[in-house]
Amino acid sequence: MSKVTVVGAGKYGSTTVQRIAEWDIVDEVVMTDIVEGLPQGLALDMNQSRPILGYRTIVTGTNDYADTADSDVVVITAGLPRKPGMSRMDLLGVNAKIVKAVTEEIVKYSPNAVIIVVTNPLDQMTTLCADVSGFPKGRVLGQAGMLDSARFAHFISEASGADILDVTAVTLGSHGETMVPVPSMCTIGDTPISEVLDAATIDELVERTRNGGAEIVAFLKTGSAYYAPSAAAASMVKAVIDDQGAEMPVCAWMEGQYGISDVYLGVIARLGVNGVEEVLEVDLTDAERAGLEEAAVAVAEKVADLQQIEL
Ligand code: APR
């Protein structure tokens, strides 16, 4: 009996639930929110799509954490999304309170769960969740790298005309200004992107990736992106449930890898039933390595901002 809970039945949460359910990889997905009726209505609607799409996973909508008990994986999407002109930092105060309260409930009902945090500002919220939970650090991770890498891959495909499924793109570091794209690991088929695109074009794509979330927020006016974000979060859930050692970029706790410790950072990790099974140290150029170190310092500074907040 495998069970996943998604906290927050907004755009990001509900599309994450939908993807996991439609993949038919767990018995039950529980969706919870503070808004009464919202998760129940969405769950009923999703369950009625099962005979059409042909899957068995049952979705339970609830406002009661007791229904989330003994979840294997919990995804935290609860929080306010970024509004136009609002930085991730503006969100810190509001979302920290929400993530703390949600984490306390998760720990109470699912003491053995792997927690995947997606609420922004991501690096701080993942750190806060880990601290509040008291879980081993590998059992708390954040979603950022999968999304940023996917955005980068899309832009590379668009600029080069390459089939999206032939493009491999990697970003590490932080979800935000100090995101570290890794062009040395980006390929089209077996060909490095540097042999297909000129340096100025790659720089432009890197910049567009770094602002990938804001570009969509500016179009939508209200709310932020959720299709690619939910695909990223759902794929992390699948990696944990499958327990096949899938390797992907995630926000993971550093314990000396790349010479960096005691901070959550976007790196490539092997995922499994225990969450982050191993942080992988991949070959980086000197510039990419320096970028990663810079990102670690920036995240540590931002995490220190959490001390200023009354939780
Ligand atoms: N417990 C449960 N749910 C909560 C709580 C709480 N304490 N506080 C807020 N929520 C719910 C809201 O009721 C809402 O349904 O979280 C949901 C957020 O949904 P949206 O406003 O649609 O936001 P969404 O686009 O889903 O983004 C959620 O992900 O990408 C990040 O920056 C984004 O932090 C934001 C989060």
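All of these numbers come straight from a predicted model, not from anything done at the bench.

About the criteria used
Residues numbered from 1 in each chain as written. Predicted model: local features only at pLDDT ≥ 70, side-chain atom pairs only at ≥ 80, totals over all residues. Heavy atoms only, no water. Helix = DSSP H or I, 4+ residues; strand = E, 2+ residues; numbered from the N terminus. Rg over C-alpha atoms; globule rule 2.2 N^0.38 Å. Buried < 20%, exposed > 50% of the residue type's maximum accessible area, 1.4 Å probe, protein only. Contact = heavy atoms within 4.5 Å. Areas by Shrake-Rupley, 256 points an atom, 1.4 Å probe, with all protein chains shown as cover. Lys, Arg positive; Asp, Glu negative; His and termini not counted. Charge placed at Lys NZ, Arg CZ, Asp CG, Glu CD. Salt bridge = Lys/Arg side-chain N within 4 Å of Asp/Glu carboxyl O. Patch = residues over 30% accessible without salt bridge, like charges linked within 9 Å, V, L, I, M, F, W, Y side chains within 5 Å. Domains from an automatic or database assignment. Buried area = accessible area lost by both parts, 1.4 Å probe. Disulfide = S-S within 2.5 Å. Pairing = 2+ DSSP bridges. Near = heavy atom within 4 Å. Polar contact = N/O pair within 3.5 Å; in protein donor to acceptor, adjacent residues only side chain to side chain. Nonpolar A, V, L, I, M, F, W, Y, C, P; charged D, E, K, R; others polar.

Q: How do you make sense of the overall build of the chain when you look at a structure like this?
A: The helix and strand inventory of the chain stands at ten helices and 14 strands. Here the C-alpha radius of gyration of the chain, 19 Å, is about what a compact globule of 311 residues would show, namely 19 Å. Projected onto the principal axes, the alpha-carbon positions of the chain cover approximately 55 × 50 × 40 Å. Each of the 311 residues in the chain was classed as buried or not, and the buried ones make up 53%. A separation threshold of at least 6 residues defines the contact pool for the chain, and within that pool the share at least 24 residues apart is 69%. For the chain, the accessible surface area stands at approximately 13,600 Å², while carbon and sulfur atoms represent 51% of it. Charged side chains in the chain number 21 positive and 44 negative. The centres of these two groups are separated by 7 Å.

Q: Honestly, the pattern of salt bridges in this entry has me stumped. Any pointers?
A: When charged atoms on two side chains of opposite charge get close, those side chains can pair. Here the structure, examined in full by the defined rule, presents eight salt bridges. Among the salt bridges present, the one from Lys302 reaches Glu177, with a minimum N-O distance of 3.3 Å. Linking Lys302 in helix α10 (residues 286-305) with Glu177 in the loop between β8 (171-173) and β9 (179-181), this pair joins segments that are 125 residues apart in sequence.

Q: Is there a simple way to think about a nonpolar patch on the surface in this case?
A: Together, Ile34, Val35 and Leu38 make up a nonpolar patch on the protein surface, roughly 300 Å² of accessible area in all. Note that Val35 resides in the loop between β2 (28-32) and α2 (38-47).

Q: Looking at this structure, how should I read the domain arrangement of the chain?
A: Here the chain is partitioned into domain 1 (3-142) and domain 2 (145-308). The C-alpha-based centres of domain 1 and domain 2 are spaced at 21 Å. Summed over both partners, the interface of domain 1 with domain 2 buries about 3,200 Å², with 74% contributed by carbon and sulfur atoms. The interface formed by domain 1 and domain 2 includes zero salt bridges.

Q: Is there a simple way to explain the state of the cysteines in this structure?
A: Think of a disulfide as a covalent bridge from one cysteine sulfur atom to another cysteine sulfur atom. Counted according to the given criterion, the structure contains zero disulfides. Free of any disulfide, Cys129 has its nearest neighbouring cysteine sulfur in Cys251, separated by 11 Å. Taking the relative accessible area as the measure of exposure, Cys129 reaches 0% and is therefore buried. Of all cysteine sulfurs, the one in Cys251 lies closest to Cys186, which takes part in no disulfide; the gap is 19 Å.

Q: Help me out: how do you make sense of the sheet that holds strand β7 (residues 167-168) in this one?
A: Each strand in a sheet pairs with its neighbour through backbone hydrogen bonds, running either in the same direction (parallel) or in the opposite one (antiparallel). With respect to topology, three strands assemble into an open sheet ordered β7-β10-β11, the strand pairing being antiparallel. The sheet terminates laterally at β7 and β11 (191-192), the two strands that pair on one side only. Here strand β10 (residues 187-188) runs beside β11; their pairing, made up of two bridges, is antiparallel. When the sheet's bridge partners are listed, Ile188 is paired in β11 with Thr191.

Q: It is not clear to me how the site of the ligand should be interpreted in this structure. Could you clarify?
A: Taken together, 22 residues are adjacent to the ligand, and Lys11, Tyr12, Asp33, Thr77 and Asn120 come closest. In this structure, Tyr12 approaches the ligand through a main-chain N or O atom, which is 2.8 Å from an oxygen atom. Between the ligand and the protein, one listed contact pairs an oxygen atom with a backbone N or O atom of Leu80 at 3.2 Å. Across the complex, the protein chains shield 85% of the 730 Å² of accessible surface that the ligand would expose by itself. Only α1 (11-23) and α4 (92-109) provide two or more residues apiece to the shell around the ligand. Among the elements that make up the shell around the ligand, the one with the highest residue count is α4 (three residues). Across the shell around the ligand, the residue classes break down as twelve nonpolar, seven polar and three charged.

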